[in-house]
Amino acid sequence: MPYSEQSVARRLLDNDPEALGLVIRWISTALASPRFWLLRREWPDLVQEVLARVVESLRRGRFDDSRDLRVYVQGIARFACLQAVGKQLESAARGIPAEAAETGSPDPVRQLIDFQLVRRVL
C-alpha cells in the first residue's frame, strides 16, 4: 500500500530519524504503562521487537494510511507486552521465573512474588 509522502509511515520506511524517534516514543508510552511495569527489564528488547514488527507491517502494506498510526503502533506494543507477560507467567507456573533460571539472579523468591502479583492483576 503506498503511503503519502508526508505520512509518518512513509518517513519511517525512508529511515527518517524524526519519524523513528516519534514511533519509539509511542512504543515507550505503551510499554511504560503500569500494567507492564513487570517487564521494565525487557523494555529495550521489547522496543526493538515492536519496532521491527511495525516496520515489517508497513512494508507488507498491512496499515491503512487513513487510520491513526499512533494507535496502531501502541496496539502492536501492547500485544508484544501481553505475549511477554504470558511467557513470564508460564515460567512462574512452573515454579521458577525464566529470567532467574537463565541469569542466575540472586533473588528468585522476589521475582516469583512479582510474577504472582502480575497473575492476580491480570
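Rules of the game
- Residues numbered from 1 in each chain as written.
- Predicted model: local features only at pLDDT ≥ 70, side-chain atom pairs only at ≥ 80, totals over all residues.
- Heavy atoms only, no water.
- Core = buried A, V, L, I, M, F, W, Y, C linked by side-chain atoms within 4.5 Å.
- Buried < 20%, exposed > 50% of the residue type's maximum accessible area, 1.4 Å probe, protein only.
- Helix = DSSP H or I, 4+ residues; strand = E, 2+ residues; numbered from the N terminus.
- Contact = heavy atoms within 4.5 Å.
- Axes fitted to C-alpha atoms, helices over the stretch in contact; angles between N-to-C directions.
- Parallel < 35°, antiparallel > 145°, perpendicular 65-115°, else oblique.
- Left-handed = near helix turned anticlockwise from the far one by under 90°.
- Nonpolar A, V, L, I, M, F, W, Y, C, P; charged D, E, K, R; others polar.
- Salt bridge = Lys/Arg side-chain N within 4 Å of Asp/Glu carboxyl O.

Structural notes on the nonpolar core
Counting 34 residues, the largest nonpolar core has Val23, Ile27, Leu58 and Leu69 as its most contacted members. Breaking this core down by element, the ones donating at least two residues are α1 (8-13), α2 (17-31), α3 (43-59), α4 (69-93) and α6 (108-121). If you tally residues by element for this core, the top one is α4, at 11 residues. Non-local contacts of Leu69, meaning those with residues more than four positions away in its chain, are made with Val8, Ala9, Trp26, Leu58 and Phe63.

Regarding the packing of α3 against α4
It is the contact of α3 with α4, at a shortest axis distance of 10 Å, that shows an interaxial angle of 130 degrees. Taken together, the axes of α3 and α4 are oblique relative to one another. For α3 against α4, the interelement crossing comes out right-handed. On α4, the residues that touch Leu46, Glu49, Val50, Arg53, Val54, Ser57 and Leu58 of α3 are Leu69, Tyr72, Val73, Ile76, Ala77, Phe79, Ala80, Cys81, Gln83 and Ala84. Broken down by class, the residue content of the contact of α3 with α4 amounts to 13 nonpolar, two polar and two charged.

A look at the pattern of salt bridges
Summed over all chains, the structure comprises six salt bridges. Linking Arg53 and Glu49 is a salt bridge whose minimum nitrogen-to-oxygen distance equals 2.7 Å. Of this pair, Arg53 and Glu49 both sit in helix α3, four residues apart, roughly one helical turn. Arg70 is the partner of Asp68 in a salt bridge, and the nearest nitrogen-oxygen pair spans 3.5 Å. The network of salt bridges with shared partners includes Arg11, Asp16 and Glu18.

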